Structure formats: structure tokens, C-alpha cells
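Chain and residue survey
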Amino acid sequence: MTELQNKIYTIKIGTDDFKKLITESTLYVDKTLLLKTVVGDAYDVLLITRPRRWGKTLNMTMLQYFFGIPVKSTGEIDEEERSKRQNIFSHLKIGEYPDILQKYLGKFPVISVSFKEIKGESFELIEMKVRDLIYGLYTRHEYLLQSAKLSEWQKDLFKKFMTKSFDRAELENSLFYLSEMIYTHFGQKVFILIDEYDTPLNDWYALQLARETISDAEDTYFQSVLRLFKGIFGSTLKGNNFLEKGVVTGILRVAKANLFSGVNNFGEDSILDENYAAHFGFTEKEVNSLLHKSGLDQNPKTAQTLKSWYNGYNIGGLTIYNPWSIMNCLNNKGAFKAYWVGTASTALIEQALVLDKFQEEMQILIEGGSVDMVADPKMVFADIKSSPNALYNLLLFSGYLTVERSSENEDTTYNCDVKIPNREVRSIFSGSIQKWISQKFNIDVKDYNAFLNDLLKGNVEIFMQKLKDYLETSASFFATGPKNAELFYNGFIMGLISAVSSQYFVDAERESGLGRADLLLIPLSTARYQNALVLEFKFGKFETDLRLLSQNALEQIELKNYAAKIKAYKNVVSTFKIGIAFSGKDVAVAFK
């Protein structure tokens, strides 16, 4: 961690309001060139998908603030406010394009709506929340009731939304009706911005993954939610003559939901595409600028560490950083933590990562390897339980994996090699390994960590006995074949490493002494227990003498002097040399 000596900048963390950010923060990244890309885009309706906390909502409020006609409560145009916006944008990057400012700034009515808070376990709750959302949207345009251009029947319809007396059909057409009324008032087509469109569906799919089967009632609920949103999006974006341009954001393109079927002139941009790559997340150049302004670049090692923690995303040929993590790191004086983890519900990811069938690939990824997949922006959630490729699509588009290599196919899919992007995200995968192992041991993660503490304390005999007991509980998993046994033990070792990595120097299969130790754990000065451990693992076949095999592992530690590196750490009180031999659910340990 680097202490920033003189913090002379201000940061607004977590604000999704562009006006607030641009007027109250002195350290921000100028993304206004997104405006140029949007107005130059040939598509009438754009769907832009990016991981959570990547600036989608902030960019949507920027679009609203730029394009939107500022309106007084009387419905008259607020020229003073438009002049203020002109002054703000003229000093940003988009100010280099005065023709765009003249043609678009404050010239279009805007309807902006976000579905990020629309979650619920029943259709009735979802519908109620959507009704409240639409009510709030109409109240923001209450000036229309004073418009001399609206007919009486339009005003009567508007009042139904103001009094929440609208029916289901009117709810589905609510955005279309509002766009028609706004067009009638201004004589100008409307920008419609729909943020986090997929949140209600993501929430339901997380529930689906957590259960073995889905009841008829639950499926009926989902189909009802699907029809509601298909009706809303269809009436708003399909054949709407009052629409100037629609911009929709979300995390994923929900294929089976088919929410945008029939929408004319519809374009998509995901993390596999180039057009909007620089507008979401931070580029290398932008991060370097932030490091310079904050003073973090005064220490090259600190800057390098920051990049290992938060970069690694390859989007459109650019290296892209997670903006939420970067800004939090700067705000916390250069403290490197997993800021992105836990910022939103990750139930869908968590349920997927602990499924048995994916553990082999998870271990490859955690060790720094890559996995082949076919990336499809039109993924089908329902396939996640049965299809590893569907899982990788979920992880890729949600920001948990990044593309290392890709080639586009004729059917708009991509053949890709994917990997974990950075240290922050790797911690999520490591945590999932611990959860998977604790499930197999039939204990919670807290008890699992307490069990590992026996090893760190040097209570090897207690550790060994507990390990034998836990393996008996997991016997059914090993009965399915030797491959599962090796998978389990690899996961167990990874779980051990991830559990201690914050307090120990971890050296796995690196040169030490005259050979390579499987695992060295050397305590940092802040560690609770100042014991170093040298571990050598052996895997035996059926009827192997595990006692002899564990003793051979211990002798190998001694003979090849694997503990040589530990001598350089003066804080180490004791060194435990441990040979562990596995075969199925059986284990033997020799130690010194």
C-alpha cells in the first residue's frame, strides 16, 4: 500500500449521476466521446452489455443530461439550464466537436428508466414494483398535463398513470404512450434510455440454479414476468414512430427471453465488440492519467501492482480496467483490495461456481490456465446447469473471465480462449473452491478454515484426524472414480492456499533447495502463527501403502532440502515438514 501524501483531489464513489460527478469531483474519467459514437451509430436501437459497476448507469445519465431538453415545471424550455450544460460539455472531450453540441445538446426529449431495483420472488411483487416505477416516471413529466397540444383523451390517460389506476395492457404500453405524448408536446422525436433491463430475469435465474427442479408455479411466474417485459420493450422499441433512438443496457443478452424480437434496426455491442470498447471501463491511458493525478505513479512498483490487481480485460483489442476498483483504490490511498467483490448480488455466479461438473475447469482457471469455449452473446441461461459452455458465457459477459484469443464464426459466435483477468477476480474463484470443498466435507466455510488453522498452528495430528473424518463423509464423491479423487485433492490444496494467502508467503511448485517443493507456506510478520510449513503431496493407487508413501514424501523434503528458503525469514519460529499421501478417501501423514 502506498500513502498518498497530499490528497488534493475529490472523488465521488458510487454516484450514478453524471451532473453530480462532473460538478463535484475533480478526479474523474471523461467518457463524453460516447456521445459522438451514439449519434453516429446507424442503429435506431442499441443494446450495450457490460459487467456490473462498469459505468453503464453513469453513461446513461450522461446521455440524458446531454440530449435532454431542460424543462421547467410549466413545460417551457429552460434556456438558462441549457446554457449551463453547454458550458459544461464544451470543456469536455465532446467539446472538440462543436457541430455535435449545436445539433444535439438539449435538443431532444428523453425518457429514462432503470429496472435495477425490480426484483421479487412473485410476479405480483414484480408487477407492483414496475407500476411504482412507471408512476414515478410519469410524475417527472407532469408538465404535460398543462400542455395545450395534448388532447383531452391523452390527458385522461396520463392521469390514469398518475393515480395508478392503469390496467395491465396500459402498463405494457406505458413507455410508448409517454413517448407519444412527449412528441406531441415538443414536436420532436424522443430518446428512450432503458438501464439494467435484465435485472429481473437475472434474479430469477439465480433461483433456478439453486434448485434441482423448478415447479410449475415457479415456471408460470417466470413466464408471466417474461410476458410483462416483452410487452413493455416491444411496444416501446418496435415500430415506435415517436422514437429518435433507443439505448438499452444490461449485463447479458437474454436469448431465450427474446425480448427484442421484431425490433427494427437493432444493434448490439458486448465485450466481444470494438465500437464501444473504450467507453465503458478505463483504458490503459486513462488509468495512467489517474495514477499521475493522484500521485500513485511516483512509485513504479505500486503502479505495477495496481495493474495486476485490476486490469486484464481484453475488449476490442484494448486493455480495459474495472473502473469501480480503480476509483476505490485511489480513494483508499492506494490500498489494494477486492473492491468489486460484494458490490452487488452475485447469487447467479456463486451457484454456478460450486457445481461439481465445472470443478476441473475452475481449477485450471485458478492456476492461471485458459479454457476453450464458444462465446455467444445470445446465451441461454437455462443451459447453465447442463452446459459448461453456457457457464463460461455467463462468466465471460459478467466480467469474471476475459478473452485471451478469439475468432469470429459465421453464425456470430466466437471461438475463444478465456482466462481469469486479474488478482481481484481470482479471489472469487478461490473462494468458490473453498465453498465447494466445505460442501464435500459437509461443514461450513468457517469450520473449514478452523480445520486449516490446526495445520497452521502445527497441530498436525489433530489436522490429520479431522481430515480422515471429513474424507469419510465425502466417500460417495470418491466412489465415482479416481479422476474425482484427484480433482478433490487438487481443490483441497487450492482451498488451503487461498485461505492463507493474505497472511503467508505462498510458494507452490517453485525451486527451493535442490528441487521443487509442492507447497511452501511462510508466515508474514503479521500472521497469527509464526510457523512455516513445507508440504509434499503423493497420490497413490488402490491398495498403495499410504504410510510408506507419506514417509517417502517426508524423506524427499529432507533429502532435497526444500526448507532452505525458509532460513531467510527471521520471524519464523518453527518449521513443519509434512508428507501427505492420498488414495481415494484414505490419507496418511508423516511429519517432522
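Residues numbered from 1 in each chain as written. Predicted model: local features only at pLDDT ≥ 70, side-chain atom pairs only at ≥ 80, totals over all residues. Heavy atoms only, no water.

**As for the confidence of the model for the protein**
What counts is decided by this rule: Each residue gets a pLDDT score, which is the predictor's confidence in that residue and runs from 0 to 100. Strands are runs of DSSP state E lasting at least two residues, helices are runs of H or I lasting at least four, and both sets are numbered from the N terminus onward. Residues are treated as being in contact if the distance between any of their heavy atoms lies within 4.5 Å.
Per-residue pLDDT for the protein has a mean of 86; in total, 91% of the residues score no lower than 70. Summarising per-element confidence for the protein, the mean pLDDT is lowest in strand β12 (residues 504-512) (69) and highest in strand β3 (residues 190-195) (98). Predicted confidence for residues 1-6 stays below pLDDT 50, and this span has 15 contacts to residues more than four positions away or in other chains. Taken together, the stretch residues 510-515 has pLDDT below 50 and engages in 19 contacts with residues farther than four places along the chain or on a different chain.

**As for the pairing of strand β10 (residues 402-408)**
What counts here: Paired strands, as defined in this entry, are two strands with at least two bridges between them according to DSSP.
Of the pairings in the sheet, the one linking β10 to strand β11 (residues 414-419) comprises 6 bridges and is antiparallel in character. If you follow threonine 402 over to β11, its bridge partner there is lysine 419. As consecutive antiparallel partners, β10 and β11 are separated by 5 residues, and within that stretch threonine 412 has a phi angle of approximately 70 degrees, a positive value.

**Observations concerning the nonpolar core**
What counts is decided by this rule: Residues enter a nonpolar core if they are buried and are Ala, Val, Leu, Ile, Met, Phe, Trp, Tyr or Cys, with the set joined through side-chain atoms within 4.5 Å. Throughout, exposure labels follow a simple rule: accessible area from a 1.4 Å probe, protein chains only, divided by the maximum for the residue type, with under 20% read as buried, over 50% as exposed, and the rest as partly exposed.
Of all hydrophobic cores here, the largest spans 98 residues; its most connected members are Leu395, Leu396, Phe429, Phe441 and Phe492. Apart from residues no more than four positions distant in its own chain, leucine 396 is found in contact with Ile271, Leu272, Met373, Ala375, Leu401, Thr402, Val403 and Val418. Ile69, Ile118, Leu175 and Leu201 belong to the second largest nonpolar core, which has 48 residues in total.

**Focus: the sheet that holds β10**
Operational definition: Only the contacting stretch of a helix is used when fitting its axis, a line to C-alpha atoms as for every element, and angles between N-to-C directions run 0 to 180 degrees.
Sheet architecture is open: 3 strands sit in the order β9-β11-β10, paired in antiparallel fashion. The open sheet terminates on both sides in strands that have one partner only, identified here as β9 (371-375) and β10. The sheet shows a mean angle of 25 degrees between the axes of neighbouring strands, direction not considered. Of the strands in this sheet, β9, β10 and β11 are in contact with helix α17 (residues 388-397), which crosses β9 at around 85 degrees.

**Some remarks on helix α9 (residues 174-186)**
Side chains three or four residues apart in an α-helix point the same way, a direct result of the helix having 3.6 residues per turn. Basically, it comes down to this: In a helix, the anticipated span is given by 1.5 Å times the number of residues less one.
Under the 1.5 Å per step criterion, the end-to-end length of α9 is 18 Å for 13 residues, consistent within 8% with the ideal 18 Å. By the burial criterion, the buried members of α9 are Ser174, Leu175, Leu178, Ser179, Glu180, Met181, Ile182, His185 and Phe186.

**What about the side chain of histidine 185?**
As a reminder, the rule being used: Polar contact criterion, stated in full: a pair of N or O atoms within 3.5 Å, where within protein one must be able to donate a hydrogen and the other to accept it, and residues adjacent in sequence count only if both atoms are side-chain atoms.
By the element assignment, histidine 185 lies in helix α9. Note on histidine 185: relative accessible area 13%, which makes it buried. Within the structure, histidine 185 has its side chain in polar contact with the side chain of serine 147 (distance 2.8 Å). Excluding its chain neighbours within four sequence positions, the residues that come into contact with histidine 185 are Gly75, Tyr143, Leu144, Ser147, Lys149 and Leu150.

**Quick word on the packing of aromatic side chains**
In this description, a pair of aromatic rings is defined by centroid distance and the angle of the planes. The criterion, for reference: Only rings of Phe, Tyr and Trp enter the pairing, Trp through its six-membered ring, and a pair is recorded when the two centres are within 6.5 Å. The plane angle decides the type: under 30 degrees is stacked, over 60 is edge-to-face, the rest tilted. The criterion for a charge sitting over a ring is simple: Lys NZ or Arg CZ within 6 Å of the ring centre, and within 35 degrees of the ring normal.
All chains considered together, the criterion is met by 42 aromatic pairs. Arranged with centres 5.8 Å apart and planes meeting at 20 degrees, the rings of tyrosine 104 and phenylalanine 108 form a pair that is stacked. Each member of the aromatic cluster is reached from another via a ring pair, and the members are Trp436, Phe441, Tyr448, Phe451, Phe463, Tyr470, Phe488, Tyr489, Phe492, Phe537, Phe539 and Phe582. If you follow arginine 52 out to its NZ or CZ, it ends over the ring of tryptophan 340, 4.3 Å from the centre. One residue, arginine 53, lies across the ring of tryptophan 324, its end atom 4.2 Å from the ring centre.

**Examining the sheet that holds strand β5 (residues 266-269)**
Read from one edge to the other, the open sheet built from 5 strands follows the order β2-β3-β4-β1-β5, with strand pairing classed as parallel. One side of each edge strand has no neighbouring strand; the edge strands of this open sheet are β2 (110-114) and β5. Direction aside, neighbouring strands of the sheet carry axes that sit 10 degrees apart on average. Here β3 pairs with strand β4 (residues 243-250) via 5 bridges, running parallel. Among the inter-strand pairings, isoleucine 194 is bridged to a residue of β4, identified as valine 248. Helix α3 (residues 56-67) contacts β2, β3 and β4 of the sheet and is inclined by roughly 165 degrees relative to β3.

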